[in-house]
2 protein chains.
Amino acid sequence: MKNIVILGASGSIGLQTLDVISRHPDKFRCVGLSVKSRIEAVAHVLRLHSGLLICVEKAEDALRLSSEFPQHQFVWGEDGLIQLACHVEADTVVNALVGFIGCKPTLAAIEAKKNIALANKETLVSAGKIVMETVRRNNVSLMPIDSEHSAIAQCLSAHDKNIRRLILTASGGSFRDKTRSELDSVSLADALNHPNWSMGAKITIDSATMMNKGLEVIEAHWLFQMPYDQIEVIMHRQSIVHSMVEFEDRAIIAQLGTPDMRIPIQYALSYPQRLPIELESLDLVKAHHLTFESVDFKRFPLLRCAYLAGKREDNSAAALNGANEAAVAAFLANEIRFIDIDTFVSEAFDSMIYHELNTLEDAIAADKMGRDWIKNKISGGNV
Amino acid sequence: MKNIVILGASGSIGLQTLDVISRHPDKFRCVGLSVKSRIEAVAHVLRLHSGLLICVEKAEDALRLSSEFPQHQFVWGEDGLIQLACHVEADTVVNALVGFIGCKPTLAAIEAKKNIALANKETLVSAGKIVMETVRRNNVSLMPIDSEHSAIAQCLSAHDKNIRRLILTASGGSFRDKTRSELDSVSLADALNHPNWSMGAKITIDSATMMNKGLEVIEAHWLFQMPYDQIEVIMHRQSIVHSMVEFEDRAIIAQLGTPDMRIPIQYALSYPQRLPIELESLDLVKAHHLTFESVDFKRFPLLRCAYLAGKREDNSAAALNGANEAAVAAFLANEIRFIDIDTFVSEAFDSMIYHELNTLEDAIAADKMGRDWIKNKISGGNV
């Protein structure tokens, strides 16, 4: 029995993690979770179980819920999140938080010797060096939940050391067939309409700018200790091949499947075993054809920025990520247009001054620098 | 350093094995080889090295070559082949013989505790039960060289036990776009013109009838201990995805690469390591698209026969293989038309009486029954 804590349980990955856990009651048990405000999304879990540690955003919510669900224990805020991440009963912490905010609880969980199943890629992008050092020092496992990185982890077996390159596949997102000039008039609803995957808002927007793929390149660098010139991105519209590894002998191992996040979530929880799952098998005859195209870095400038930031190995990836988070939030709040996201973030990336990154505080400062740059830009201040 | 013996060194797989060995002189050494009559194909190896054990078909060839190449030792015939397979210096025996004739040397090599790299699929088709029992009893490894089975072996890592199905890909061979009625007029040259792979004559013809895929289904059954209803065949015209494994969690792991047999040959020799190879990387953008179609069992009746024979678990697979070998030989000798191959072999399969298969002698008798049926058919005798 694996005891599991879910950070970010009411989001897309969080709810699917609850689904996976509920299908294997003999293997997995949820011992705690966090939600921001959408408590109703997990109310069925609270009613069904008892003795969970629940973290909410605000103290007043915690108080109100304590009387509604006396069988659970409630904590709140950032301190509550850290407390939850270090839950004494937990074996594995699923981090399904969105954004750099997931960094501190991840580090706390690792220090508390928890294994990590990580959907929160911004953590590795902004503080990969620190996170991976902490993982090694505490001798815990960090399994990716991102479908691409799960694919790569599945392609690598114990005896396969001689890796030549990692090939991350990219669907191209909602606007893959639009030119940059056509992006002027797109709406928020258009941007949220991903062709293959049903995901949260932030990642769907990141997918449309391909910043998501840029974040994944940096994530892959840290997870698999691979130099950036051995990480490639290839357009694959069908999202069926989730990623590939080429070895020294030119053999390529790929992982394929229907675009359903429960597969990588379950793999991260059940690893090194695999468990059955109630899903239709991928029907390749029905899929009929899989296509591969090169990626246009001019069309997707944030992918280029991510490679450059990753290669610098300083605080620029954290700053770039912070800028992107602020820009996406502004777009989701209807404060800027879609095309402004990568225009502003690229401009921020080219303008900011970078330093070494050695501590979590360095990453936090860089993240703030990126966010502030975008906020100033939007408010028309000097940047 | 691995010492290697090659049975069938002058054929397509044999020559490519010599090429792989010559590229890794620090890892592999050829200590012996067999050729049938095309001695000139391996003359460069004989001139370059000394102390090899060489098996030829006829005693007079062995005598003549002994004076031409006094630095080598020559043996001949079936006894010579067995002697070579048991070469005291050999670690691994590459069996690149064509047809059921490869069976006895394989068994002899296993009994002599040699690891086997097997390109000779007819051995497993006709006597899989006996071969696999002998492998287990002698605790040696048997690595497939067939690209499909090598792909599957590469997709399976130590911790992946929960297999749901094996998916063998099939190019469809030389006549994949012809109907059965269009096959009446095809020539031997047409049949030998495979769209993707450059291979020997027997396997190229087997590919065009899809008997090759049928043999591979049975081979996969024995190699990976998989029931037949968990082995599927899918048409994949590009021969880039070499085969796939679906696991219980619906994840599919696939092996991809350019259609070059040196990749699976080298993997069989270097396993569990991988070694560099001087080949272009597979360019998926250039390949652009990969297609998958279902296989028409009516169009390819021998594939259906192979499934039926495999499921019977008696001597019918050996008899079917014998009939097919005889029919292909007759086609290659211009004695029958292409369309006669699967017509005659299907008829033989439906007509023969089958028994249990427990010993090598049972397999040899079944093989002879199949061959005799076809010979009688061609000579117009009663069958």
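In case you missed it, the structure is sitting above this.
Described below are features of the structure shown in this document. (Residues numbered from 1 in each chain as written. Chains lettered and ligands numbered in written order. Predicted model: local features only at pLDDT ≥ 70, side-chain atom pairs only at ≥ 80, totals over all residues. Heavy atoms only, no water.)

### Section: the overall build of chain A
And step 1. Helices and strands together make up the secondary structure of chain A, namely 16 helices and 12 strands.
And step 2. Dimensions along the principal axes, computed over C-alpha positions, put chain A at roughly 55 × 55 × 40 Å.
And step 3. Relative to its full complement of 383 residues, chain A shows a buried share of 61%.
And step 4. Of the roughly 14900 Å² of accessible surface on chain A, a fraction of 50% belongs to carbon and sulfur atoms.
And step 5. A distance of 1 Å separates the average location of the 39 positive side-chain charges in chain A from that of its 48 negative side-chain charges. (Helix = DSSP H or I, 4+ residues; strand = E, 2+ residues; numbered from the N terminus. Buried < 20%, exposed > 50% of the residue type's maximum accessible area, 1.4 Å probe, protein only. Areas by Shrake-Rupley, 256 points an atom, 1.4 Å probe, with all protein chains shown as cover. Lys, Arg positive; Asp, Glu negative; His and termini not counted. Charge placed at Lys NZ, Arg CZ, Asp CG, Glu CD.)

### A word on the packing of aromatic side chains
And step 1. Within the structure shown, the criterion is met by 10 aromatic pairs over all chains.
And step 2. Measuring from ring centre to ring centre gives 5.9 Å for F297(B) and Y307(B), while their planes differ by 45°; the resulting arrangement is tilted. Taken together, the positions of F297(B) in the loop between β12 (289–291) and α13 (301–312) and Y307(B) in helix α13 put the pair 10 residues apart, joining distant regions of the chain.
And step 3. Put simply, the rings of F175(A), F331(A) and F338(A) pair up and form one aromatic cluster. (Phe/Tyr/Trp six-rings, centres within 6.5 Å; stacked < 30°, edge-to-face > 60°.)

### Thoughts on the pattern of salt bridges
Residues and elements named next belong to chain A.
And step 1. Following the criterion strictly, the structure yields 56 salt bridges over all chains and no others.
And step 2. Two residues, E232 and R165, come together in a salt bridge whose shortest N-O distance is 2.8 Å. Highlighted residues: E232 in strand β9 (residues 231–235) and R165 in strand β8 (residues 163–170), separated in sequence by 67 residues.
And step 3. Here K377 ties to E347 by a salt bridge, and the two come within 3.1 Å at their closest N and O atoms. You can see K377 sitting in helix α16 (residues 360–379) and its partner E347 sitting in helix α15 (residues 338–351), a full 30 residues away along the chain.
And step 4. According to the relative accessible area criterion, E347 is partly exposed, its value standing at 32%.
And step 5. What you see here is one network of salt bridges that share partners, running through D19, R23, D260, R262 and E278. (Salt bridge = Lys/Arg side-chain N within 4 Å of Asp/Glu carboxyl O.)

### A short note on the state of the cysteines
And step 1. A full pass over the atoms with the stated rule returns 0 disulfides over all chains.
And step 2. There is no disulfide at C86(B), and the cysteine sulfur nearest it, in C55(B), is 12 Å away. (Disulfide = S-S within 2.5 Å.)

### Things to note about the nonpolar core
And step 1. Core analysis: the biggest nonpolar cluster contains 254 residues, and L33(A), F338(A), L33(B) and F338(B) have the highest contact counts within it.
And step 2. Filtering out sequence-adjacent residues up to four positions away, F338(A) remains in contact with F175(A), L183(A), V186(A), A191(A), I205(A), A208(A), T209(A) and F331(A).
And step 3. Ranked by size, the runner-up nonpolar core spans 24 residues in total, among them I167(A), L284(A), L290(A) and I167(B). (Core = buried A, V, L, I, M, F, W, Y, C linked by side-chain atoms within 4.5 Å. Contact = heavy atoms within 4.5 Å.)

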